[in-house]
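Results of the structural survey
As a plain string of letters, each chain reads:
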Amino acid sequence: MGLPFTHLTSTKQLSRSDTDAIVGVAQDMEGILKKGGCDLLRGKILGSLFYEPSTRTRLSFESAMQRLGGDIVTADGIQFSSLYKGESIEDTIVVASQYCDIIAMRHPEVGSADRAAAVSLVPFINAGDGPGQHPTQALLDLFTIQKECGKIDGLKVAMVGDLRFGRTVHSLSFLLGLYDKITLVFVSPKELTMPEKVITFCKEKGIAFSEERALDAALTADVLYMTRIQEERFTDHSEYERLKSVYTLKAAHLKGKRTVIMHPLPRVTEIATDVDALPNAAYFRQVRNGVPVRMALLAMLLGKL
Ligand code: CP
């Protein structure tokens, strides 16, 4: 089966047949998880390099590797690595390649993943490069939409919040562009609109989309994908303070609606906790889907499937 590339840095590299294959393998991995795991990657080591904070991506990559019988080596935080002493990303990756069979890296700089992939001696996965891309999150989002809605073609998907700095919505928009009759609704304050690269992509692909300011515009969608205002990306903190609470989704907004509510998490104030009990609040199920999807990617990129 495999994948027609060695490294995964962007969802723009993926075709519809790639996403179909990954979703199919992830479904099989759910069966393996129910049985407690397997030995498919016994003897293989994942280099888990996280130079920016993470809970879900790091833990789910490491869990995925161990569920497949593999091991991990980790680096956590620039200040605790030799990047702090001035070592380049390129040297770091060549060195890490000597210790492991596959690498997942998160780094605060846009483009760091492409720099790493250009020199990596083993398969490399972008686990988030600043406000750039987060392809494995988008794949687990796609898997979640398929599971929650039973299909992807023909859906209306609204993305709400910090669309400028939110790398997950960039990656997910490119992926949804592979599907038929998708409608995208981008809801953000004017300071945090979707970047030109995504808008241009939608125009070139003929995807129906609109840019909105009010949360109400998102409430008729099949999927409502909320995002956090990304404090760490602002250079002017007063601007963050002004925008941080611009949208808060509450249970009252969703009365009588079956809209599937997603969020890459962590959330701050953009989804009130009274939404959590609704059957259509899918964000904690979404978290769980990170493990089978990352198991699928690890196995496929290591040439085991
Ligand atoms: N969704 C996501 O990337 O979460 P973490 O930052 O906790 O990895």
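These lines cover the structure that appears in this document, whether it is placed above or below.

Calculation notes
Residues numbered from 1 in each chain as written. Predicted model: local features only at pLDDT ≥ 70, side-chain atom pairs only at ≥ 80, totals over all residues. Heavy atoms only, no water. Helix = DSSP H or I, 4+ residues; strand = E, 2+ residues; numbered from the N terminus. Buried < 20%, exposed > 50% of the residue type's maximum accessible area, 1.4 Å probe, protein only. Near = heavy atom within 4 Å. Polar contact = N/O pair within 3.5 Å; in protein donor to acceptor, adjacent residues only side chain to side chain. Areas by Shrake-Rupley, 256 points an atom, 1.4 Å probe, with all protein chains shown as cover. Domains from an automatic or database assignment. Salt bridge = Lys/Arg side-chain N within 4 Å of Asp/Glu carboxyl O. Pairing = 2+ DSSP bridges. Axes fitted to C-alpha atoms, helices over the stretch in contact; angles between N-to-C directions. Contact = heavy atoms within 4.5 Å. Right-handed = clockwise from strand over helix to strand, strands pointing away.

1. Comments concerning unusual backbone geometry
With an omega dihedral of 5°, the bond running from L265 to P266 counts as a cis peptide bond. In this fold, P266 is placed in the loop between β9 (260–262) and α9 (283–301). Phi at K181 is positive, roughly 55°, even though this residue is not glycine. Within the secondary structure layout, K181 lies in the loop between α6 (167–176) and β6 (183–187). In this structure, L265 takes a positive phi of about 60° despite not being glycine. L265 sits in the buried class, given a relative accessible area of 12%.

2. Side note on the site of the ligand
Within the structure, the ligand sits among S54, T55, R56, T57, R106, H134, Q137, P264 and L265. Residue S54 places a side-chain N or O atom 2.6 Å away from an oxygen atom belonging to the ligand. At 2.7 Å from an oxygen atom of the ligand is found a main-chain nitrogen or oxygen belonging to T55. Burial of the ligand by the protein chains amounts to 92% of its free accessible area of 260 Å². There are two domains that each give the shell around the ligand at least three residues, and those are domain 1 (11–133 + 290–301) and domain 2 (135–287).

3. Examining the pattern of salt bridges
Going through the model one piece at a time under the given rule, you end up with 17 salt bridges. Measuring nitrogen to oxygen at the nearest pair gives 2.7 Å for the salt bridge that ties E148 to R285. Of the two residues, E148 sits in helix α5 (residues 135–149) while R285 sits in helix α9, which places them 137 residues apart along the sequence. Of the residues examined, E148 reaches a relative accessible area of 27% and is grouped as partly exposed. R242 is the partner of E191 in a salt bridge, and the nearest nitrogen-oxygen pair spans 3.0 Å. Here R242 lies in helix α8 (residues 237–243) and E191 lies in the loop between β6 and α7 (196–205), a separation of 51 residues in the sequence.

4. Section: the sheet that holds strand β7 (residues 208–212)
Pairing is parallel in the open sheet, where five strands are placed in the order β7-β6-β5-β8-β9. Sheet topology places β7 and β9 at the edges, where each strand pairs with a single neighbour. The average angle at which neighbouring strand axes cross in this sheet is 15°, direction not considered. Sheet topology note: the strand β5 (residues 156–160)/β6 ladder contains five bridges and is parallel. Bridging across to β6, V160 finds its partner in V187.

5. Considerations on the side chain of H170
Along the chain, H170 turns up in helix α6. A polar side-chain atom of H170 sits 3.2 Å from the main-chain carbonyl oxygen of G132. Not counting residues within four places of it along the chain, the set of residues in contact with H170 comprises P131, G132, L163, R164, F165, M194, P195, K197 and V198.

6. Here we look at the pairing of strand β2 (residues 71–76)
Bridge count for strand β1 (residues 45–50) against β2 is six bridges, and the pairing is parallel. Directly across from L49, in β2, lies its bridge partner A75. As a crossover connection, the stretch from β1 through helix α2 (residues 56–67) into β2 is right-handed.

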